[in-house]
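# Chain and residue survey
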Amino acid sequence: MGMAPHTDSSLFTILHGTQPFAGLQVLKDGIGWVPVPPVSGALVVNIGDILHILSNGRFHSVLHRVVVNRTHHRYSVAFFYMPPLDSKISPLSLDPPRYPSITRKDYLDLKAKHFNDTLSLIRI
Ligand SMILES: O=C(O)CCC(=O)C(=O)O
Ligand SMILES: [Fe+2]
């Protein structure tokens, strides 16, 4: 199954794939979509939106997608690690906050409406 471009709403995501990650691509600034290089036996750890906010934007929740083809089966397992819905998420940084304090639930409600624009929308 392919996936449209998105960022994960998790704190972080751990991905395990057969056919290591063939089809997973990340969007690199100024370059475009690049495949995630397959490393046999490795897991991929993806930074999610919550870690993006907690790190005050220092760690980026990368836009990624999955492309499929008609000739190869592809299986992957994703583990989304996230705090409870009512947790308050705020930047843990001494720098001026670039994101407001927001519960994970309120963030998800916004993301349901604004999808991949949500992080830039709430940015201070
Ligand atoms: O299947 C993959 O490699 C990635 C899946 C993914 O991005 C997701 O489930 O959010
Ligand atoms: Fe994802």
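Above this text sits the structure in question.
Residues numbered from 1 in each chain as written. Chains lettered and ligands numbered in written order. Predicted model: local features only at pLDDT ≥ 70, side-chain atom pairs only at ≥ 80, totals over all residues. Heavy atoms only, no water.

## A closer look at the packing of aromatic side chains
Rules: Between rings of Phe, Tyr and Trp, where Trp is taken as its six-membered ring, a pair exists when centres lie within 6.5 Å; planes separated by under 30 degrees are stacked, by over 60 edge-to-face, and by other angles tilted.
This model, assessed by the stated rule, comprises two aromatic pairs. Feature note: the residues F12, F79 and Y81 constitute an aromatic cluster, connected by ring pairs.

## Focus on the sheet that holds strand β2 (residues 12–17)
We apply this condition: If DSSP finds at least two bridges between two strands, the strands pair. Secondary structure elements follow DSSP: runs of H or I no shorter than four residues count as helices, runs of E no shorter than two count as strands, and numbering proceeds from the N terminus. For helices, the axis comes from a line fit to the C-alpha atoms of the stretch in contact; other axes are also lines fit to C-alpha atoms, and the angle between any two N-to-C directions lies between 0 and 180 degrees.
The strand order β5-β2-β7 describes an open sheet built from three strands, whose pairing is antiparallel. Strand pairing shows two members of the sheet lacking a second neighbour, β5 (44–47) and β7 (76–81), which therefore form its edges. For this sheet, the mean inter-axis angle between neighbouring strands, taken without regard to orientation, is 20°. As judged from the six bridges shared by β2 and β7, these two strands associate in the antiparallel manner. Paired with L15 across the two strands is A78, which belongs to β7.

## Digging into the site of ligand 1
What counts is decided by this rule: The rule for a residue being near a molecule or strand is that one of its heavy atoms must lie within 4 Å of it. Contacts described as polar in this section are N or O atom pairs within 3.5 Å, which, within protein, must combine one atom able to donate a hydrogen with one able to accept it, while residues neighboring in sequence count only if both atoms come from side chains. Note on areas: Shrake-Rupley, 1.4 Å probe, and residue coverage restricted to the protein chains presented here. Gly falls in the polar group here, along with every residue not listed as nonpolar (Ala, Val, Leu, Ile, Met, Phe, Trp, Tyr, Cys, Pro) or charged (Asp, Glu, Lys, Arg).
Ligand 1 sits among M3, H6, D8, L15, L24, H64, V66, R74, S76 and F80. At 3.0 Å, a side-chain N or O of H64 approaches an oxygen atom of ligand 1. Here an oxygen atom of ligand 1 sits 2.7 Å away from a polar atom, N or O, in the side chain of R74. Considered on its own, ligand 1 offers 300 Å² of accessible surface; in the complex 91% of this is hidden by protein. For the shell around ligand 1, the secondary structure elements donating two or more residues are β1 (3–6), β6 (64–66) and β7. Partitioned by chemical class, the residues of the shell around ligand 1 number five nonpolar, three polar and two charged.

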